Each structure stands twice: as C-alpha cells, then as structure tokens.
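Structure at a glance
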Amino acid sequence: MDWGMKNRLSSLMGTDGKCMFMPIDHGYFLGPTSKLEKPGETIKPIIEYCDALFCTRGVLRAAIDPVGSKPIILRVSGGTSIVGGDLANEGLTTAIKDAVRLNVAGVGISVFIGSDYERQTLLNLGKLVDECEEYGIPVMAVTAVGKELEKRDAKYLGLCCRIAAEIGAKVVKTYWCEDFDKVTEGCPVPVVIAGGPKFDTELPVFEFVHDGMQKGAIGLNLGRNIWQHEHPVAMAKALHAIIHKNATANEANDIFNGTKNG
Ligand code: 5RP
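Thresholds applied
- Residues numbered from 1 in each chain as written.
- Predicted model: local features only at pLDDT ≥ 70, side-chain atom pairs only at ≥ 80, totals over all residues.
- Helix = DSSP H or I, 4+ residues; strand = E, 2+ residues; numbered from the N terminus.
- Expected span 1.5 Å × (residues − 1).
- Core = buried A, V, L, I, M, F, W, Y, C linked by C-beta atoms within 7 Å.
- Buried ≥ 20, exposed ≤ 12 C-beta atoms within 10 Å, placed from the backbone.
- Contact = placed C-beta atoms within 7 Å.
- Axes fitted to C-alpha atoms, helices over the stretch in contact; angles between N-to-C directions.
- Parallel < 35°, antiparallel > 145°, perpendicular 65-115°, else oblique.
- Left-handed = near helix turned anticlockwise from the far one by under 90°.
- Nonpolar A, V, L, I, M, F, W, Y, C, P; charged D, E, K, R; others polar.
- Pairing = 2+ DSSP bridges.
- Right-handed = clockwise from strand over helix to strand, strands pointing away.
- Near = placed C-beta within 6 Å.

**As for helix α9 (residues 203–214)**
Taking 1.5 Å per residue, twelve residues should reach 16 Å; α9 reaches 16 Å between its end C-alpha atoms and fits that length. Following α9 by one or two positions, Gly-216 has its phi on the positive side, about 110°.

So, in structure tokens, the structure goes:
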C-alpha cells in the first residue's frame, strides 16, 4: 500500500488500530434529521470520543471548523431522498478533486446489493475506487442499507461485505448480526459496525457493539444511538471504552450510568 493511502487509513484509527467513526451524513437523504438540525452543535460535546467524522461536503463546509478538525470521511454518494422513488438509486455526488481539496482522509459510498440498483451502485463503487486509488484515498463501502436491511443475517451481510471488498473498498461498514464472525472472516478488509435506528435502552447497544468487536470488527460507525440519545456524552464515552479500552457491555453500561449521573 502506498504511503498516502496508508497514512490516511491510519489517521482514521487510534494507535490500537481500532476506530470510532461518527456519522452525521443522514441529512443527505433525510433532510434535517432530529437532533442533527445543527450538526456543528450536535457534535461539539461528543467529538472528542471519535476518531473520524462521516459527513457530506455541504455540512463539512458549512458546519465543521477546519482548524483542529478530526479526520473526515466524505460521503460522496447520494442523489435520492426519503420522499423520492427508491433510495437505492444512488449516483456519485462529489468529484474526487473536491475531496482532495477538502483534504479528506477517506470517502464513503453506499451499495445496495439485492436491490434493483445493485449493478449501478456497485459500478459506482468501482469507479470511485479507481479514482481514489490515483490519489491514495481509501474508500469505505456502506452496505445493506434501505429496504435490503430487512435481510439482516450473516449470509446476506457477509455477501455484501465480500463483494464490496472485492471491488476495492478499503473498509466496509455493515450491520451487526448473529454469527458476526462469519461476516468478518469472509471479508478481506476491515469491517466496521453500523448503528441503525435508536434503541430504547442502552445495554443492547453496548452488547451488540461488544459482540461485534469480539467477532472481528475493527470499530463502529454509529450515529443516532449516540447523538439522538438524551445523554449523548455518556453514550459516546461508554462506546469509546468498548472500542479502545476493551470494556465489556456491563462495564460500558457502568461508564454510561456514571457519566450520566456525574
Ligand atoms: C446511512 C449511513 C449513516 O452513516 C448510517 O445510517 C449511520 O448512522 P446510524 O448509526 O444513525 O444508523 O451511512 O446510509
């Protein structure tokens, strides 16, 4: 791997090789998502617990201070919305030249495997990888989103991750499932765990993240379960402990309660 690619990838992770990505890209198809109306304000108290931010160029330029920023993974796919025909019908929204101008550490793109737009979104990934390899920019593939999320098992998620890696993604983001080790073991590049809609209680979040880490994930990319929570700092701190301090789910829960009450 060339120096620039390696340098960018390592900047997205702690010195332990683990990572906690903070996605705030939801507005690209959902509009002003609850608690993300002002993304710059949302991340202020929690950003210290993250290794990188995942966002679009619009939010980056409008809401994130370029001085002292965390490394950025730029969301470069889109073109659809929650009120449109099919969320899977995505294209590339951002030129690599602009990603380079923004000095990003990586770019992210969704692929919709099993949807009507499987071929289109996988070819988007291939094209993006070709362009990013020129500049040493790692591509994170976001798998199993939209309607296809209903098929959340190791066979389907493993297939998605493997295909994304085969096309050239350097990191793959996917959902946790039972037998998550089957997903990570069949994927030749690092896997990060996605979050999904907000859970009602905290412990199940800590449990699936801990299980995913034990089964080969290198970190997580989890948004709403942190910043839509009424105690976002306590959530961020607890999850950070699972990722970077080998905390168990119960230890994370204690950290959550201690921070919330303290
Ligand atoms: C949407 C995304 C988001 O980054 C993803 O949904 C992560 O956030 P959350 O944990 O809130 O689901 O890639 O396609």
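**Describing the nonpolar core**
Across soluble globular proteins, nonpolar side chains have a tendency to be buried as a group. Counting 88 residues, the largest nonpolar core has Phe-21, Ala-52, Ile-73, Val-107, Ala-141, Ala-169 and Leu-239 as its most contacted members. Counting residues per element, this core draws most heavily on helix α11 (residues 232–245), which supplies seven residues. Look past the residues within four positions of Ala-52 in its chain and what remains in contact with it is Leu-12, Cys-19, Phe-21, Lys-70, Pro-71, Ile-72, Ile-73 and Ala-105.

**So, the packing of α11 against helix α12 (residues 249–261)**
Packing of α11 against α12 brings their axes to within 8 Å, and their N-to-C directions diverge by 150°. By the criterion of interaxial angle, the relationship of α11 to α12 is roughly antiparallel. The handedness of the crossing between α11 and α12 is right-handed. Facing Val-233, Ala-234, Met-235, Lys-237, Ala-238, Leu-239, Ala-241 and Ile-242 of α11, the residues of α12 in contact are Glu-251, Ala-252, Asn-253, Ile-255, Phe-256, Thr-259 and Lys-260. When its residues are assigned to classes, the contact of α11 with α12 shows ten nonpolar, two polar and three charged.

**Observations regarding the pairing of strand β8 (residues 171–174)**
Burial along β8 is two-sided: the face carrying Val-171 and Lys-173 and the face carrying Val-172 and Thr-174 are both buried. With three bridges joining them, strand β7 (residues 139–142) and β8 adopt parallel strand pairing. Bridge pairing in β8 links Ala-141 to Val-172. As defined by bridge partners, β8 adjoins strand β9 (residues 191–194) across three bridges and the pair is classed as parallel. Each residue of the ladder has a partner; that of Val-172, found in β9, is Val-191. Assessed by its sense of winding, the connection that carries the chain from β8 through helix α8 (residues 180–185) to β9 is right-handed.

**Digging into the site of the ligand**
In the region of the ligand, 15 residues are neighbours, and Pro-23, Gly-195, Leu-222, Gly-223 and Arg-224 sit closest. The residue inventory of the shell around the ligand, partitioned by class, reads six nonpolar, seven polar and two charged.

**Regarding the environment of Gly-126**
Tracing the sequence through the fold places Gly-126 in helix α6 (residues 118–135). Separated by 38 residues in the primary sequence, Gly-126 and Ala-164 place their C-alpha atoms 9.0 Å from one another. Among residues more than four places away in sequence, those in contact with Gly-126 are Ile-167 and Gly-168.

**Here we look at the sheet that holds strand β10 (residues 219–221)**
With parallel pairing, eight strands are arranged side by side around a closed barrel as β1-β2-β3-β6-β7-β8-β9-β10. Across this sheet, the average inter-strand angle for adjacent strands is 25°, counted without regard to direction. Relative to the sheet, helix α7 (residues 154–167) contacts β7, β8 and β9, its axis offset from that of β8 by approximately 155°.

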